[in-house]
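So you can see what is in the structure, the chains are spelled out below.
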Amino acid sequence: MAKSTVTIPLPSQHLGTTRVVTTHRYGAQGARPKAYVQAGLHADEIPGMLTAHHLIARLDQADSDGAVRGEIIIVPVANPIGLDQYMAGRLHGRSSLEQGQNFNRGFADLIEAVAPAIEDKLGADAAGNVAIIRQALLEALGERRSANDVQELRRTLLGMAIDADMVLDLHCDLESLMHMYVSDDLWPDGSDLAAQLGCRAVMLAGDSGGDPFDEACSMPWWKLRLRFGDRFPIPASCLSATIELRGKADVDDETAASDADNIFRFLQRRGVIAGTAGPIPPARCEATPLSAVDRMVAPVPGIIAFKRAIGDSVQAGEVVAEIVDPTAEDPLTARVPLVSRTTGVLWSRSQMKMAAAGETVAAVAGSIPLSERSWSLLVD
Ligand SMILES: [Zn+2]
């Protein structure tokens, strides 16, 4: 079946404006496995959009070769609302300026709607249960009403992904190594994806607390298993991951083509596309708990003078950066050290070199959960 490009209109939020979500679709609707890949949900994160561009070129070739076995949906620019948020010459694409909420939070938790609808339909056949749950998720999402264009964007994106076997949500960090977030439930199943991408950190969490897109796709399976798993088999049926394609400035054709090639091989290995994916590359890291990440926060405002580089192994107690106040009367007292509380790899740094008080400056992926955590594991 030939590839199609479909544009989905979003409701007009203001008179005289229209926006669309453009999708590239391959394979027959309903064919399995189904893969969904989106980029730019945080609209100021560009690496995934260029990766999607390269991936689309590869998939077009596979499509004309008749090699698409399952169904594939690619959304290269997932957030046209955020992409329109220029202020004073700069793009602000992480949060809705109108609604005030991070675009990658608040995706629908459909469990309470789905559970009563499926309870009498589930049985001993795991594959049958998967089909029943997918249908119920789509129906529950279809019944929700959106109050504004951001909610409708979330509903539109989730509606294409929630019944998929694989969901890759392409993001990037500030200054960062390749890394990904995935739920505990999906590990080690997702280890081939992490190895193929060359991830240098993999963060595992259960319910991280903010209803991001990847968890809206994967958590229903975990939550429904908690509720019904003692009576009916409910396998984890959506390998959903947030993939962080390094840092914001890491946008170039060579890198994007390589990342697209790795995603293509992953899709081949998982049977979405015919052909040989080749051997899985050796893993470049162990998966570690998201609760073991030490995010170092500037206690005072000032210039960030980093002492360690991205990718460095850091020991607990080591100084990663100093916050410098050049207005201090005595330069000898002008520096506040930021010390890592854990041992691990320094995988993320602020790309701005000026910190506000309370701002996250760097993150180290440790292996031992840290005791003091806020309610959410995610940074807004
Ligand atoms: Zn993001």
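Procedures and definitions
- Residues numbered from 1 in each chain as written.
- Predicted model: local features only at pLDDT ≥ 70, side-chain atom pairs only at ≥ 80, totals over all residues.
- Heavy atoms only, no water.
- UniProt positions renumbered as here; feature names shortened; annotations may be inferred.
- Helix = DSSP H or I, 4+ residues; strand = E, 2+ residues; numbered from the N terminus.
- Rg over C-alpha atoms; globule rule 2.2 N^0.38 Å.
- Buried < 20%, exposed > 50% of the residue type's maximum accessible area, 1.4 Å probe, protein only.
- Contact = heavy atoms within 4.5 Å.
- Areas by Shrake-Rupley, 256 points an atom, 1.4 Å probe, with all protein chains shown as cover.
- Lys, Arg positive; Asp, Glu negative; His and termini not counted.
- Charge placed at Lys NZ, Arg CZ, Asp CG, Glu CD.
- Donors = N, O, S within 2.8 Å, 3.2 Å for Na, K, Ca; no water.
- Tetrahedral: all angles 85-135°; square planar, octahedral: opposite > 155°, others 65-115°.
- Salt bridge = Lys/Arg side-chain N within 4 Å of Asp/Glu carboxyl O.
- Pairing = 2+ DSSP bridges.
- Arc of directions from axis to C-beta.
- Phe/Tyr/Trp six-rings, centres within 6.5 Å; stacked < 30°, edge-to-face > 60°.
- Lys NZ or Arg CZ within 6 Å of the ring centre and 35° of its normal.
- Axes fitted to C-alpha atoms, helices over the stretch in contact; angles between N-to-C directions.

The protein chain is annotated in an unreviewed UniProt entry as Succinylglutamate desuccinylase of Skermanella stibiiresistens SB22. Among the UniProt annotations of the protein chain, the heading Cofactor (unreviewed entry) holds the following wording: "Zn(2+)".

A. Seen up close, the overall build of the protein chain. The helix and strand inventory of the protein chain stands at seven helices and 20 strands. The C-alpha atoms of the protein chain give a radius of gyration of 21 Å, which matches the 21 Å a tight globule of 380 residues would have. With the C-alpha coordinates of the protein chain rotated into their principal frame, the extents come out at 70 × 50 × 40 Å. Looking at the 380 residues of the protein chain, the share that counts as buried comes to 51%. The contacts in the protein chain between residues at least 6 apart in sequence include a share of 73% that link residues at least 24 apart. Of the accessible surface of the protein chain, which amounts to about 16,300 Å², a share of 54% is contributed by carbon and sulfur atoms. Side chains of the protein chain carry 35 positive and 49 negative charges; the gap between the two charge centres is 2 Å.

B. Examining the coordination of the zinc ion more closely. The zinc ion binds to the protein through His42 (ND1), Glu45 (OE), Glu45 (OE) and His171 (ND1), with metal-donor distances spanning 2.0 to 2.4 Å. Viewed at the metal, the four donor atoms of the zinc ion are separated by angles of 56 to 147 degrees, and the geometry they form is irregular. Counting the intervening residues between successive donors of the zinc ion yields the motif H-x2-E-x125-H. Residue class for Glu45 comes out buried when judged on its relative accessible area of 3%.

C. Focus on the pattern of salt bridges. Scanning all chains against the criterion turns up 27 salt bridges. Between Arg270 and Asp192 there is a salt bridge; the shortest N-O distance is 2.8 Å. Here Arg270, found in the loop between α7 (253–269) and β12 (287–289), pairs with Asp192, found in helix α5 (residues 191–197); they are 78 residues apart in sequence, far enough to count as distant. Given the relative accessible area of 8%, Asp192 is considered buried.

D. Layout of the sheet that holds strand β19 (residues 354–355). A sheet is described by the order of its strands in space; here four strands give the open sequence β17-β16-β14-β19, paired in antiparallel fashion. Of all strands in the sheet, those with a lone pairing partner are β17 (335–339) and β19, marking the two edges. As paired strands, strand β16 (residues 319–324) and β17 are joined by five bridges and run antiparallel to one another. Residue pairing for β17: Glu322 is matched across the bridge by Pro337.

E. Geometry of the side chain of His54. Following the sequence through the fold, His54 ends up in helix α1 (residues 47–64). Classification of His54 as buried rests on a relative accessible area of 15%. Sequence-distant contacts of His54, defined by excluding residues within four places in its chain, comprise Asp253, Ala256, Ala257 and Ala260.

F. Spatial organisation of the environment of Asp230. With respect to the helices and strands, Asp230 occurs in the loop between α6 (213–228) and β11 (239–247). Owing to a relative accessible area of 68%, Asp230 belongs among the exposed residues under this scheme. Distance in space between the C-alpha atoms of Asp230 and Ala257 is 45 Å, their sequence separation being 27 residues.

G. A look at helix α2 (residues 111–118). For α2, the complete set of buried residues consists of Ile111, Val114, Ala115 and Ile118. Considered in projection along α2, the buried side chains sweep an arc of 105 degrees and stay on one side of the axis. Away from the buried face of α2 by more than 90 degrees, exposed residues Glu112 and Pro116 are located. Looking at the buried side of α2, the elements it contacts are α3 (126–143) and α6.

H. The arrangement of the side chain of Thr342 in detail. Tracing the sequence through the fold places Thr342 in the loop between β17 and β18 (344–349). Not counting the four nearest positions on each side in its chain, Thr342 is found in contact with Ala292, Asp294, Val314, Gln315, Ala316, Val364, Gly366 and Ser367.

I. A look at the packing of aromatic side chains. One pass over the full model with this rule turns up two aromatic pairs. Measuring from ring centre to ring centre gives 5.9 Å for Tyr36 and Phe213, while their planes differ by 40 degrees; the resulting arrangement is tilted. Separated by 177 residues along the polypeptide, Tyr36 in strand β3 (residues 34–39) and Phe213 in helix α6 bring together distant segments of the chain. Both residues of the pair, Tyr36 and Phe213, count as buried. Look at Phe107 and Phe213: their rings are 5.1 Å apart centre to centre, the planes differ by 75 degrees, and that puts the pair in the edge-to-face class. Placement of Phe107 in the loop between β6 (90–91) and α2 and of Phe213 in helix α6 is noted, with a sequence separation of 106 residues between them. The two residues Phe107 and Phe213 agree in class, both being buried. Here the aromatic residues Tyr36, Phe107 and Phe213 are joined through ring pairs into a cluster of three or more. One residue, Arg154, lies across the ring of Phe107, its end atom 5.9 Å from the ring centre. Positioned above the aromatic ring of Phe306 is the side chain of Arg349, whose terminal nitrogen or guanidinium carbon lies 3.9 Å from the ring centre.

J. Summary view of the sheet that holds strand β2 (residues 19–26). Across the sheet, which stays open at both edges, the nine strands sit in the order β1-β2-β4-β3-β7-β11-β9-β10-β12 with mixed pairing between neighbours. Two strands in the sheet have a free side with no partner beyond their single neighbour: β1 (4–10) and β12. If you compare each strand with its neighbour and ignore which way they point, the axes differ by 25 degrees on average. As paired strands, β1 and β2 are joined by seven bridges and run antiparallel to one another. Bridging across to β2, Thr5 finds its partner in His24. Contacts from helix α4 (residues 149–161) reach β1, β2, β3, β4 (71–75) and β7 (166–173) within the one sheet, and its direction differs from that of β2 by about 5 degrees. Packed onto the sheet, α6 meets β3, β7, β9 (179–183) and β11 and runs at close to 155 degrees relative to β11.

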